[in-house]
Amino acid sequence: MPIAPNPNPDRSRSPWRDVPDDEFWSWGWQVKHRIDDPETLGQVLELTDEERRGFDETRGLFRFGVTPYYALLADARNPACPIRQQLVPRPQEAVVRIGERADPLGEEPREVVPNLVHRYPDRVLLLSTDRCPVYCRFCTRRRIVGRVERQSSRALLAEAFEYVRAHPEIKEVIVSGGDGLMLGDNQLEHVLGTLRSIEHVEIIRLATRMPVTCPMRVTDRVAALLAAHGPVYVMTHFNHPRECTVWAAEACRRLVDHGVVVYNQSVLLRGINDDVEIIRDLNRRLVSMRVTPYYLHQCDLAEGIEHFRTPLATGLAIIDGLRGHSSGLMVPQLCVDVPGGLGKVTLVPEWIVGRTGRYTTFRTYSGETAEYLDPLPSEH
Ligand code: SF4
């Protein structure tokens, strides 16, 4: 039997208990009533002094915002709650540590026209909006996300589309932001339709955290729109098993039922999910929701997020604990986006423990060793 999703958040004792169901559980209501100040959040969570200081000290550095849905998933009393840590600012965010950068992935030098980053030979990143339903405190693109809260204008997007059209080597476009599903239906249709009209664009990826932070955004209309412009791959971003609610499962089911492939990219976050059992539980739930765990990202070197970062060894130990002990479907690739925009590298634990002539000695997941014999060189 697939794993049953977690219950939806309970709003019976929240400020929104009297909002009619069809309004509260709609994406329009959730985005319109996004919480953007500590006073309103304080009606849902018992904020600690440190959290209140976090609001004061990060003001002007990185926007705060959270949907009522996602805020209600957090533990009202426990500041160590894994959902709460993702959404409430902490004073540490105001401190820039050695090695941290405003643009850790080196996107700005590779922004070939406004809102279009061309880093890899055959794919580009389209920054379609700077808005998100929730501003994740560990966001890599905090230098631009939420700054002015707007979608890229059609004129700016037209420039980006022209660039893609003029470069036949581009086979894939990643529609991101911000959150790609903050685009309204008409704008989304415009973006997908224009990209699909460019003959050499084979694949469209849509990066969105909406299935996690505002799953009601994934309406039948959106799923049908993505399917109509396929192949569209949705890259979502679950970080913790608690995010796998009935609503989240329904959003993913809708996409998959329409023929849209859904992958997940988690970020490894200290004190939130840096534990093999948490990642195992998350990935089992995702696979039950027909979502493939794709990447486990090492946290980038963005400014003010050192308190979220884990040593590289932690990620390697997690992959070591998953491989062989869990189905291969549930083992993501551990990856580091190396600073400076030089691309991703994937890390694997050391499975090879020796080499002699044609023999390679492996360490297996259970700690035993085994030898593999290479073939003799071909005589022809
Ligand atoms: S949804 Fe993505 S882009 Fe938006 S704040 Fe979170 S991590 Fe950043």
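Every chain is numbered independently, its residues counted from 1 as its sequence is written. Since the coordinates come from a predicted model, pLDDT governs what is reported: local features require at least 70, and pairs of side-chain atoms require 80 or more to be given and counted, while whole-chain, interface and lining totals use all residues.

Draft legend 1. Structural detail: the nonpolar core. What makes a nonpolar core is a set of buried Ala, Val, Leu, Ile, Met, Phe, Trp, Tyr and Cys residues, with links drawn between C-beta atoms within 7 Å. Put plainly, a residue is buried at 20 or more neighbouring C-beta atoms within 10 Å of its own, exposed at 12 or fewer, and partly exposed in between, counting only other residues' C-beta atoms, which are placed from the backbone. Ranked by internal contacts, the top residues of the largest apolar core, which has 90 residues, are Leu 126, Val 173 and Leu 255. If you tally residues by element for this core, the top one is helix α11 (residues 246-257), at six residues. C-beta atoms are first placed from the backbone for all residues, and any pair lying within 7 Å is then listed as a contact. Leaving out residues up to four positions away in the same chain, Leu 255 has contacts with Val 218, Ala 223, Leu 226, Val 234, Val 260 and Val 262. Helical segments are the DSSP runs of H or I of at least four residues, strand segments are the runs of E of at least two, and each set is numbered from the N terminus.

Draft legend 2. Highlighting the sheet that holds strand β5 (residues 203-207). In spatial order, the strands read β1-β2-β3-β4-β5-β6-β7-β8-β9-β10; together these ten strands make up an open sheet with mixed pairing. Edge positions in the open sheet fall to β1 (111-113) and β10 (344-347), since each of these has one partner strand only. Strand-to-strand twist across the sheet, computed as the mean angle between neighbouring axes with direction ignored, equals 30°. As paired strands, β5 and strand β6 (residues 232-236) are joined by four bridges and run parallel to one another. By the bridge assignment for β6, Arg 205 is matched with Tyr 233. Pairing between two strands requires that DSSP report at least two bridges joining them. Between N-to-C directions, angles cover 0 to 180 degrees, with each direction set by a line fitted to C-alpha atoms, over the stretch in contact for helices.

Draft legend 3. Just the sheet that holds strand β11 (residues 352-356), in detail. Spatially, three strands are ordered β11-β12-β13 in an open sheet, and the strand pairing comes out antiparallel. In this open sheet, the two edge strands, each paired with only one partner strand, are β11 and β13 (369-373). Between one strand and the next, the sheet's axes are offset by a mean angle of 20°, whatever the strand orientation. As paired strands, β11 and strand β12 (residues 359-363) are joined by four bridges and run antiparallel to one another. Paired with Gly 354 across the two strands is Thr 361, which belongs to β12.

Draft legend 4. Seen up close, helix α8 (residues 185-196). Here α8 contains twelve residues, and its C-alpha end-to-end distance of 16 Å stays within 8% of the 16 Å for a straight helix at 1.5 Å per residue. Here α8 has its buried residues at Leu 188, Val 191, Leu 192 and Leu 195. Down the axis of α8, the smallest arc covering the buried residues is 90°, so these residues share one side. Of the exposed residues in α8, those oriented more than 90 degrees away from the buried face are Asn 186 and Gly 193. Helix span, expected: 1.5 Å multiplied by one less than the number of residues in the helix. Think of the arc as the fan of directions from the helix axis to the C-beta atoms.

Draft legend 5. Summary view of the packing of α8 against helix α10 (residues 220-228). Across the interface, α8 lies against α10 with an axial gap of 10 Å and an inter-helix angle of 10°. Our classification of the angle between α8 and α10 gives roughly parallel. Between α8, through Asp 185, Leu 188, Glu 189 and Leu 192, and α10, the contact on the second element is made entirely by Arg 221, Val 222 and Leu 225. Three categories are distinguished: nonpolar for Ala, Val, Leu, Ile, Met, Phe, Trp, Tyr, Cys and Pro, charged for Asp, Glu, Lys and Arg, and polar for the others, with Gly belonging to the last. Residues that form the contact of α8 with α10 fall into these classes: four nonpolar, no polar and three charged. An angle below 35 degrees is read as roughly parallel, one above 145 as roughly antiparallel, one from 65 to 115 as roughly perpendicular, and any other as oblique.

Draft legend 6. Here's a closer look at the site of the ligand. Nearness is defined per residue: the C-beta atom, placed using the backbone, must lie within 6 Å of the molecule or strand. Every residue close to the ligand is listed here: Cys 132, Tyr 135, Cys 136, Cys 139, Arg 141, Val 145, Gly 177, Gly 178, Asp 179 and Arg 209. Class assignment of the residues belonging to the shell around the ligand gives a composition of five nonpolar, two polar and three charged.

Draft legend 7. Quick peek at the packing of helix α12 (residues 276-288) against helix α13 (residues 312-322). Following both chains from N to C, one finds α12 and α13 inclined at 55°, their axes separated by 9 Å at the closest point. Relative to α13, α12 is oriented oblique. You can see that α12 and α13 cross each other, and the crossing is right-handed. Between α12 and α13, the residues in contact are Val 276, Ile 279 and Arg 280 and Ile 318, Gly 321 and Leu 322, respectively. When the near helix sits turned anticlockwise from the far one by under a right angle, the crossing is termed left-handed; a clockwise turn instead gives a right-handed crossing.

Draft legend 8. The arrangement of the environment of Trp 29 in detail. By the secondary structure assignment, Trp 29 is in helix α2 (residues 27-32). For the pair formed by Trp 29 and Met 216, sequence separation is 187 residues and the distance between their alpha carbons is 10.0 Å. The residues touching Trp 29, leaving out its near neighbours within four places in the chain, are Glu 23 and Phe 24.

Draft legend 9. Region of the structure containing the pairing of β13. Where burial is concerned, little of β13 is hidden: zero out of the five residues are buried. Where β12 and β13 come together, five bridges link them in antiparallel fashion. Counted as the bridge partner of Tyr 359 is Leu 373 from β13. Here β12 folds back onto β13, and the loop between the two strands holds five residues, one of which, Gly 367, carries a positive phi near 95°.

Draft legend 10. Molecular detail of the environment of Phe 24. Mapping Phe 24 onto the fold places it in helix α1 (residues 21-24). Phe 24 sits in the partly exposed class, given 18 other C-beta atoms within 10 Å. The sequence separation of Phe 24 and Pro 68 amounts to 44 residues, and the corresponding C-alpha distance is 8.8 Å. Sequence-distant contacts of Phe 24, defined by excluding residues within four places in its chain, comprise Arg 11, Trp 16, Val 19 and Trp 29.

Draft legend 11. Structural view of the pairing of strand β2 (residues 116-120). Pairing geometry for β1 and β2, over two bridges, is antiparallel. Looking across to β2, one finds that Glu 111 is bridged to Val 117. Of the strand pairs in this sheet, β2 and strand β3 (residues 123-127) are connected by three bridges, and their pairing is antiparallel. The partner of Tyr 120 across the bridge, within β3, is Arg 123. The turn joining β2 and β3, which pair antiparallel and follow one another in sequence, is formed by two residues.

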